[in-house]
Every structure is written in structure tokens, then in C-alpha cells.
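Residues per chain, in single letters:
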Amino acid sequence: MAGKLIADQIEHSTAGSLDTSYVVNGSAKAWFNANCNATTYVNRDSFNISSILEASGGDFRESYTSNMDNTNYSVTTSYDLHNIFGGSNGGLQAEEFLTASADYRAWYGTGGASRDTDICCGQIMGDLA
Amino acid sequence: MSEIKVDTLTGKTTAKTVTVTVGATATQSLEQGLAKSWASIDQTSTDHPVYDSFNVSATADIATGVTKITFVNAMNNALYGTTGGTQTEATSAAYFGTYGVNTSTSRQMTAAHFHTSNRNTSGTDKDIIYFAFAVHGDIA
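Here is what the cut-offs are and how they apply
Residues numbered from 1 in each chain as written. Chains lettered and ligands numbered in written order. Predicted model: local features only at pLDDT ≥ 70, side-chain atom pairs only at ≥ 80, totals over all residues. Heavy atoms only, no water. Helix = DSSP H or I, 4+ residues; strand = E, 2+ residues; numbered from the N terminus. Buried < 20%, exposed > 50% of the residue type's maximum accessible area, 1.4 Å probe, protein only. Areas by Shrake-Rupley, 256 points an atom, 1.4 Å probe, with all protein chains shown as cover. Lys, Arg positive; Asp, Glu negative; His and termini not counted. Charge placed at Lys NZ, Arg CZ, Asp CG, Glu CD. Polar contact = N/O pair within 3.5 Å; in protein donor to acceptor, adjacent residues only side chain to side chain. Contact = heavy atoms within 4.5 Å. Pairing = 2+ DSSP bridges. Axes fitted to C-alpha atoms, helices over the stretch in contact; angles between N-to-C directions. Phe/Tyr/Trp six-rings, centres within 6.5 Å; stacked < 30°, edge-to-face > 60°. pLDDT = per-residue confidence, 0-100.

### Some thoughts on the overall build of chain B
Looking only at helices and strands, chain B has one helix and twelve strands in total. Along the three orthogonal principal directions, the C-alpha set of chain B runs to about 50 × 35 × 25 Å. Looking at chain B as a whole, 44% of its 140 residues are labelled buried. Accessible surface, chain B: about 6500 Å² in total, of which carbon and sulfur atoms supply 51%. Of the side chains in chain B, 8 bear a positive and 11 a negative charge, and the two mean positions are spaced by 8 Å.

This is how it looks when you write it as C-alpha cells:
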């Protein structure tokens, strides 16, 4: 069995010290880089994500391997604005937060229509259950 | 209060794998949860300088709204996640975006760098006075 350290603070010899609460609270609990232009949406790489499921073009769900503790967590995203439909505005919006998953919409244009796109990235901060 | 004084945390079984308790009982990889790079950047100044950064060796003004961001320590592949946000300006909103891995241009995402693709609400490339990003994934 691997060893276990229980501590409130870690200190580097020259770079300073850090309360371990920052490690716990400051670490992303999940992240993903998804290809939402594939025939079947797929995560190129991810952490703490068990699956991605397309609902319709641009709308999809990312499910967690380990659930979040509540639905008050934070999601930040980015999106490739150029590929396929270059010359438009758009974004990736997190729409519904559940402890086991979150729903996203990649959209474009003034009407905000959902669309497939190449790069959809998300980062989740908060508490694991 | 307990305190650990160390310069390096290394996993016993696998060097980069250190497990942290982050929930009531839930644990996760310390390495996977840490941002590998972040920066806040001014695209309206010459060469798009950083306000502050981590693991960024250089920024370059490639075109309007496009900053090339090069890492000090490269990522393990081009599959990492980038997320970011922008300051909303007085007369228009703006969006943070990146060029992807399937973009058939020199702005394609690589392990060593990526390019931003910031735009305004009309879909026009836009230099933004303040935007910030974070990168998650594996370091080479």
C-alpha cells in the first residue's frame, strides 16, 4: 500500500508555502477536450469524465466518473471559432449542472443556433462528493 | 496544524501520480487536476504581452485576435484542454476561442503552442485588452 500524508500545509525550500486547502479546492475536478464534429462525439482527452453523449448537433452531455458534491460548481469553456464555420460568432455554453453530469451547447450566429464544432473544452472547479 | 516541508512531491508507484483526498471520501490525481499553464494577456499592446503567466515562454501577435502562446515545458500531445474568458469592452462583448487540432493552417494546436481566436459579437476577429486562459492536460 502506498504511503499517505495528512497535512494542512506544504512548504517549498525557496518558493514559499501553500495551505493544502488550495490544492484541494484549487485543483480542477474534471476537464475535457471534445471533438463535437465527429460522427459520434468523442473526448480527445479528459479527466474524471466517464462519457460524452450527443443529444443533437452541438448539444451534448459530459458525465463524471466521480460525481460532484452539489450543483453549485463552476464551469469554464472554450471553443474553436474558426473551423468549419469560420467567419461567425459563437461559443460553448454550459446549460445544466447536475452532480453526475453537465449539459453543453456549442452555438453560433446571432440566433444562437447549436452546431457541431471541432474543439469544445471545459474545466470544472468545485467539490467532489 | 501539521505542515510538510518539501521541494518535490513524487509518487511512490508512478512518479507523476500523487493522490489527493478532495471530497468526503473521494480522491483524485493531483497531477491531472493542476493547471499546466495559465496567463492573462493584453492583445492591444505590441507583441501581446502577458500581465502574468505560468509556463508561458513567449507570446506573439499573429493577427487581429490571434495570439500565439508557447509553453516553457511542452504538453505531451495536442489534446489538452484550453478554457478562457475575456473582458467585455464598453461598446461590445467579446469571446475567447482557440484554433483546434483539425485546423489546416499554421495556427493548428500543437504540444508546444496554441493560437487564440478571439472575436466580437459580429464574428469579427478582435484584439482584446484583457483575456485569460488555463490549460489542463499532460506535460511531456
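### Describing the side chain of Asn-55 of chain B
Residues and elements named next belong to chain B. With respect to the helices and strands, the residue Asn-55 is situated in the loop between β5 (50-54) and β6 (56-63). When its relative accessible area of 10% is taken as the criterion, Asn-55 is described as buried. Separated by 3.3 Å, the side chain of Asn-55 and the backbone nitrogen of Val-72 make a polar contact. Among the polar contacts listed, one links the side chain of Asn-55 to the backbone nitrogen of Asn-73, at a separation of 2.8 Å. Residues contacting Asn-55, with those up to four places away along its chain left out, are Lys-36, Ser-37, Thr-70, Phe-71, Val-72, Asn-73 and Ile-139.

### Section: the sheet that holds β6 of chain B
Residues and elements named next belong to chain B. Strand order across the open sheet formed by three strands is β6-β7-β10, with antiparallel pairing between neighbours. Each edge of the sheet is formed by a strand with only one pairing partner; in this case those strands are β6 and β10 (113-115). Strand-to-strand twist across the sheet, computed as the mean angle between neighbouring axes with direction ignored, equals 15 degrees. The pairing of β6 with strand β7 (residues 66-71) spans six bridges and is antiparallel. The residue bridging Ala-58 from the neighbouring strand is Thr-70, located in β7.

### Thoughts on the side chain of Ser-78 of chain A
With respect to the secondary-structure elements, Ser-78 of chain A resides in strand β7 (residues 74-79). Judged by relative accessible area, which is 1%, Ser-78 of chain A ranks as buried. A polar contact of 2.2 Å, which involves the side chain of Ser-78 of chain A, links it to the backbone oxygen of Thr-82 of chain B. Leave out the neighbours within four places in its chain, and Ser-78 of chain A touches Leu-92, Ile-119, Cys-120 and Cys-121 of chain A together with Thr-82, Thr-83, Gly-84, Phe-96 and Thr-98 of chain B.

### With respect to the packing of aromatic side chains
All names here are of chain A. For the structure on display, the rule yields 13 aromatic pairs over all chains. Relative to Phe-97, the ring of Tyr-73 has its centre 5.1 Å away and its plane inclined at 15 degrees; by these criteria the two rings are stacked. Residue Tyr-73 is located in the loop between β6 (59-64) and β7, and its partner Phe-97 is located in strand β8 (residues 90-97); the two are separated by 24 residues in the primary sequence. With a relative accessible area of 4%, Tyr-73 lands in the buried category.

### Details of the confidence of the model for chain B
Averaged over every residue, the pLDDT of chain B is 89; the share at 70 or more is 95%. Listed scores for the predicted complex are pTM 0.87 and ipTM 0.79.

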